[in-house]
Amino acid sequence: MCENHKIQNPADVLPSARDDAHLAIVEAGQFELNKEHYDAIIDDKENRKLVYKEVLKPHTGDAFLVKKGQVIRAEQMNDQNIAQILDWNIITPDLTEYMSYGNSAPLEGPYLKKYTRCWSNNGMLHPMATMIADEVPEYFSGKEWGSHFWMFHCNPEWNQAAAPGRSVGGDSCHTNFMHGYSRIPAIHAMPEEEKRRTLDFLANQCNFMTFQVFRTGWDEEAQDCIMDLRPGPNIPKGTGVEFYAEQDCYFVISSCPWADMQDTLENVTPQPVEISVWDTGIEPLERPEWKEWKSTFYHQLSNGIRENSPRTEDSYNYVIESEK
Ligand SMILES: [Zn+2]
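Residues numbered from 1 in each chain as written. Predicted model: local features only at pLDDT ≥ 70, side-chain atom pairs only at ≥ 80, totals over all residues.

## Remarks on the overall build of the protein chain
When you go through the protein chain residue by residue, the secondary structure sums to 10 helices and 13 strands. Projected onto its principal axes, the C-alpha coordinates of the protein chain cover approximately 75 × 60 × 50 Å. (Helix = DSSP H or I, 4+ residues; strand = E, 2+ residues; numbered from the N terminus.)

Written out as structure tokens, the structure reads:
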């Protein structure tokens with residue numbers, strides 16, 4: 001490595017946490033992790049009570065109600081040991097709070113593992129759920145790769161690009177999310193136009209994926225930072241992941257039509273996954289508190305403290321020819 005390159009390495013120019021804005025945020029009290037609380041939930045597993053059991057069918061999305069203090073478990077149930085990829089989102093029953101990739105990935109890091117918290121949208125910013133079990137064997141992703149991560153999802157356009165001959169009615173995680181969200185009572189009851197707008201908005205949010213081999217970071221060959229996916233090797237039937245719900249919420253889950261990515265989109269066979277919900281009897285921790293800021297913002301906007309005139313074409317300082 002040349003001397004110049006060494007000097008530009010960020011590790012060499014960030015000497016302490018004091019100078020690091022990222023650490024100043026993530027090390028604040030609101031984001032402190034109480035591991036003992038989650039260890040107590042994990043250690044008490046044998047006393048959990050089963051609330052319900054469902055199957056997430058291939059080529060579908062569904063919404064699973066999980067109340068605060070309950071655990072949702074997704075477990076591989078196929079006999080071929082295929083690691084069916086799942087894409088996840090979380091939303092409260094009144095739709096006011098929903099999982100935010102934008103808050104979760106910077107606060108928790110690019111991969112989900114035991115103790116990773118799923119944070120919600122701005123104006124709320126609470127942990128909605130916490131991963132408490134990751135049973136995926138180490139060989140699945142190996143060194144420098146992860147098994148679960150924050151990402152976007154396959155959609156009609158990506159799948160059309162990958163398989164131009166496939167029917168437009170073929171599913172994607174995007175349409176499966178739309179399907180799952182449509183089953184939430186507050187969305188189901190909306191007038192049709194509002195429902196479609198809501199489904200479109202929510203399904204367009206980023207999410208996390210489980211049982212999907214992924215890595216991000218510096219790649220020597222590309223000489224660039226990359227995001228890379230690869231097919232998932234087989235894993236034992238019964239392998240699961242679990243999340244503890246910090247408040248009542250729906251987990252909206254898509255069964256990815258790419259299955260385990262071991263073949264082309266047309267040739268893979270997506271598998272059913274068992275979803276079960278369990279009562280732990282353990283109350284969630286108090287949520288981080290934030291100062292209310294929306295009323296101040298709207299006061300600034302409606303009182304001219306922030307310039308608020310509409311940006312029509314004649315509102316800009318256009319340069320006229322003679323002034324150039
Ligand atoms: Zn997908």
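## Points about the nonpolar core
If you look at the biggest cluster of nonpolar residues, it comprises 59 residues, and the most contacted ones within it are Phe-64, Ile-72, Leu-86, Ile-90, Tyr-181 and Phe-251. Looking at which element gives the most residues to this core, the answer is strand S12 (residues 249-255), with 5 residues. (Core = buried A, V, L, I, M, F, W, Y, C linked by C-beta atoms within 7 Å. Buried ≥ 20, exposed ≤ 12 C-beta atoms within 10 Å, placed from the backbone.)

## Quick notes on the UniProt feature "domain: DUF1989" (unreviewed entry) in the protein chain
Those residues carrying the UniProt feature "domain: DUF1989" (unreviewed entry) are residues 55-182 in this numbering. Within residues 55-182, the helical portion is 20% and the strand portion 27%, while the C-alpha atoms at the span's ends are 18 Å from each other. (UniProt positions renumbered as here; feature names shortened; annotations may be inferred.)

## Some words on the sheet that holds strand S6 (residues 127-134)
Overall, antiparallel pairing links the 6 strands, which are arranged S1-S13-S3-S11-S6-S5 in an open sheet. Pairing within the sheet leaves two strands with one partner each, and these edge strands are strand S1 (49-56) and strand S5 (117-119). Neighbour-to-neighbour, the strand axes of this sheet turn through a mean angle of 20°, independent of strand direction. Relative to S6, S5 is paired through 3 bridges, and the arrangement is antiparallel. Bridging from a neighbouring strand, Cys-118 pairs with Ala-129 of S6. Helix H4 (residues 35-43) rests against S6 and strand S11 (240-245) of the sheet, and its axis sits at about 55° to S6. (Pairing = 2+ DSSP bridges. Axes fitted to C-alpha atoms, helices over the stretch in contact; angles between N-to-C directions. Contact = placed C-beta atoms within 7 Å.)

## Digging into the packing of helix H7 (residues 173-182) against helix H9 (residues 192-203)
The interhelical angle for the contact between H7 and H9, taken along N-to-C directions, is 130°, at an axis separation of 9 Å. Relative to H9, H7 is oriented oblique. Considering the relative orientation of H7 and H9, their crossing is right-handed. Here His-174, Phe-177, Met-178, Tyr-181 and Ser-182 of H7 lie close against H9, whose contacting residues are Leu-199, Leu-202 and Ala-203. Partitioned by chemical class, the residues of the contact of H7 with H9 number 6 nonpolar, 2 polar and no charged. (Parallel < 35°, antiparallel > 145°, perpendicular 65-115°, else oblique. Left-handed = near helix turned anticlockwise from the far one by under 90°. Nonpolar A, V, L, I, M, F, W, Y, C, P; charged D, E, K, R; others polar.)

## A closer look at the confidence of the model for the protein chain
Per-residue confidence for the protein chain averages 93 on the pLDDT scale, and 94% of its residues sit at or above 70. Below a pLDDT of 50 lies the segment residues 1-6, which in the model reaches 2 contacts outside its immediate sequence neighbourhood of four places, other chains included. (pLDDT = per-residue confidence, 0-100.)

## Some words on helix H5 (residues 101-108)
Those residues of H5 not exposed but buried are Asn-103, Ser-104 and Glu-108. One side of H5 carries all its buried residues, which in axial view fall inside an arc of 95°. Buried-residue contacts for H5 involve S5 and strand S7 (149-151). Where H5 ends, the next residue or the one after it, Gly-109, has phi of about 95°, a positive value. (Arc of directions from axis to C-beta.)

## Comments concerning the pairing of S11
Of all 6 residues making up S11, 5 are buried, and the element is well covered by its neighbours. Inspection of the sheet shows strand S3 (residues 70-76) paired to S11 by 5 bridges, in the antiparallel sense. Within the sheet, the bridge partner assigned to Glu-75 lies in S11 and is Gly-240. Here S6 pairs with S11 via 5 bridges, running antiparallel. Within the sheet, the bridge partner assigned to Thr-130 lies in S11 and is Tyr-244.

## Some points on H7
With 8 of its 10 residues buried, H7 lies for the most part within the structure. Buried residues of H7: Cys-173, His-174, Thr-175, Asn-176, Phe-177, Met-178, Gly-180 and Tyr-181, and no others. Those residues of H7 that are buried are in contact with strand S2 (61-66), strand S4 (86-91), helix H6 (156-162), helix H8 (185-188), H9 and S12.

## A short note on the sheet that holds S7
The 5 strands lie next to each other as S2-S12-S4-S8-S7, forming an open sheet whose pairing is antiparallel. Each edge of the open sheet carries a strand with a single partner, namely S2 and S7. Averaged over neighbouring strand pairs, the angle between their axes works out to 35° when direction is ignored. H7 rests against S2, S4 and S12 of the sheet, and its axis sits at about 145° to S12.

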